[in-house]
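The primary structure of each chain is shown beneath.
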Amino acid sequence: MDLFVFKLFSDPLYFGMVVLAVGFSVCLHEFFHAWTALKCGDPTAAYAGHLTLNPLKQMGPWSLVMLLILGICWGAVPVNHALLTPRRRILVALAGPLTNLGLFLLTALAEGLVLYFMPEEPEGSPQYLIFRWLAVMSTLNFVLFCLNMLPLPGLDGGAVLRELLPVERLFANEVGKGCVIGLVLLLFYSMNYIYQAAYTASSAVAAVSLLFFRAML
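Residues numbered from 1 in each chain as written. Predicted model: local features only at pLDDT ≥ 70, side-chain atom pairs only at ≥ 80, totals over all residues. Heavy atoms only, no water.

What is the right way to read the environment of alanine 206 from this model?
Along the chain, alanine 206 falls in helix 10 (residues 174-216). The class of alanine 206 is buried, set by a relative accessible area of 4%. The spatial distance from the C-alpha of alanine 206 to the C-alpha of valine 114 is 9.5 Å, given a sequence separation of 92 residues. When near neighbours in sequence (up to four residues on either side) are disregarded, alanine 206 contacts Ala108, Glu111 and Gly112. (Helix = DSSP H or I, 4+ residues; strand = E, 2+ residues; numbered from the N terminus. Buried < 20%, exposed > 50% of the residue type's maximum accessible area, 1.4 Å probe, protein only. Contact = heavy atoms within 4.5 Å.)

Could you clarify how one ought to interpret the packing of helix 2 (residues 12-39) against helix 6 (residues 86-117) in this entry?
To characterise two packed helices, one gives the angle between the axes of the helices and the distance between these axes. For the pair helix 2 and helix 6, interaxial distance at closest approach is 8 Å and the crossing angle is 145°. In terms of crossing hand, the pair formed by helix 2 and helix 6 is right-handed. Residue-level inspection shows Phe24, Ser25, Leu28, His29, Phe32, His33, Thr36 and Ala37 of helix 2 in contact with helix 6, the latter providing Leu91, Val92, Ala93, Ala95, Gly96, Pro97, Thr99, Asn100 and Leu103. In terms of residue class, the contact of helix 2 with helix 6 is made up of ten nonpolar, seven polar and no charged. (Axes fitted to C-alpha atoms, helices over the stretch in contact; angles between N-to-C directions. Left-handed = near helix turned anticlockwise from the far one by under 90°. Nonpolar A, V, L, I, M, F, W, Y, C, P; charged D, E, K, R; others polar.)

Any chance you could explain the pattern of salt bridges here in plain terms?
Under the counting rule described, the total for this entry stands at two salt bridges. The residue arginine 132 makes a salt bridge to aspartate 11 at a minimum N-O spacing of 3.0 Å. Of the two residues, arginine 132 is situated in helix 7 (residues 126-148) and aspartate 11 in the loop between helix 1 (7-10) and helix 2; the sequence distance between them amounts to 121 residues. We classify arginine 132 as partly exposed; its relative accessible area is 22%. Here aspartate 11 falls in the partly exposed class, since its relative accessible area comes to 23%. As a salt-bridge pair, glutamate 163 and arginine 89 come within 2.9 Å of each other at their nearest N and O atoms. Residue glutamate 163 is found in helix 8 (residues 156-164), and its partner arginine 89 is found in helix 6; the two are separated by 74 residues along the sequence. (Salt bridge = Lys/Arg side-chain N within 4 Å of Asp/Glu carboxyl O.)

Mind showing me how you'd approach the side chain of threonine 99 here?
If you trace the backbone, threonine 99 turns up in helix 6. Classification of threonine 99 by relative accessible area gives buried; the value is 11%. Of note is the side chain of threonine 99, whose polar atom sits 2.7 Å from the backbone oxygen of alanine 95. Setting aside residues no more than four positions away along its own chain, threonine 99 makes contact with Leu28, His29 and Phe32. (Polar contact = N/O pair within 3.5 Å; in protein donor to acceptor, adjacent residues only side chain to side chain.)

Help me out: how do you make sense of the environment of alanine 21 in this one?
If you trace the backbone, alanine 21 turns up in helix 2. By relative accessible area, alanine 21 is classed as buried at 1%. Once residues lying within four places of it in the same chain are set aside, the contact partners of alanine 21 are Trp133, Val136, Met137 and Leu140.

Function-wise, these values are silent; they only describe arrangement.
So this is what it looks like as structure tokens:
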């Protein structure tokens, strides 16, 4: 498998679009974690400067390097669970993935609008480039939503699960640890299917959006 960084030479336009889409989406994901925590009574992330879209703050240099080389990255917003009720901890955890879901829907709908005004635009035209970036943005945000909602420690889905079930005891035994390893392996082998599902979902929403704009405009 080729490293993502090789896309810089084989398809520099796609490389730039992915870096821009993922970087912005992760920063906005972390921003809404911090914003929701603040609104729920925990100013820890806000005081630490996470109410920003600065990738150096939200992701950090190592995460940015990994994004450029492997195409993967992460962010981390500090949360003081002692200042939050279980329900509010769930809200804070869900804020990030729901941001990605919202970005997926907005950009997929925007694809339809661009297609409405771009029935036969050639490759390389401004309309085509905008459409391609929106397609990348919507697809990757669907992937980010799915990945972050997985019930694994360190992910937002795992944080939600921790508030609903006695996860510490569940993962403390060998069976629980085996389940985590199994989920990680399943995730590794199913990434292509997740991307395909994301592309299909993006195309479907864009198609419905195009039909809507044709009917209304």
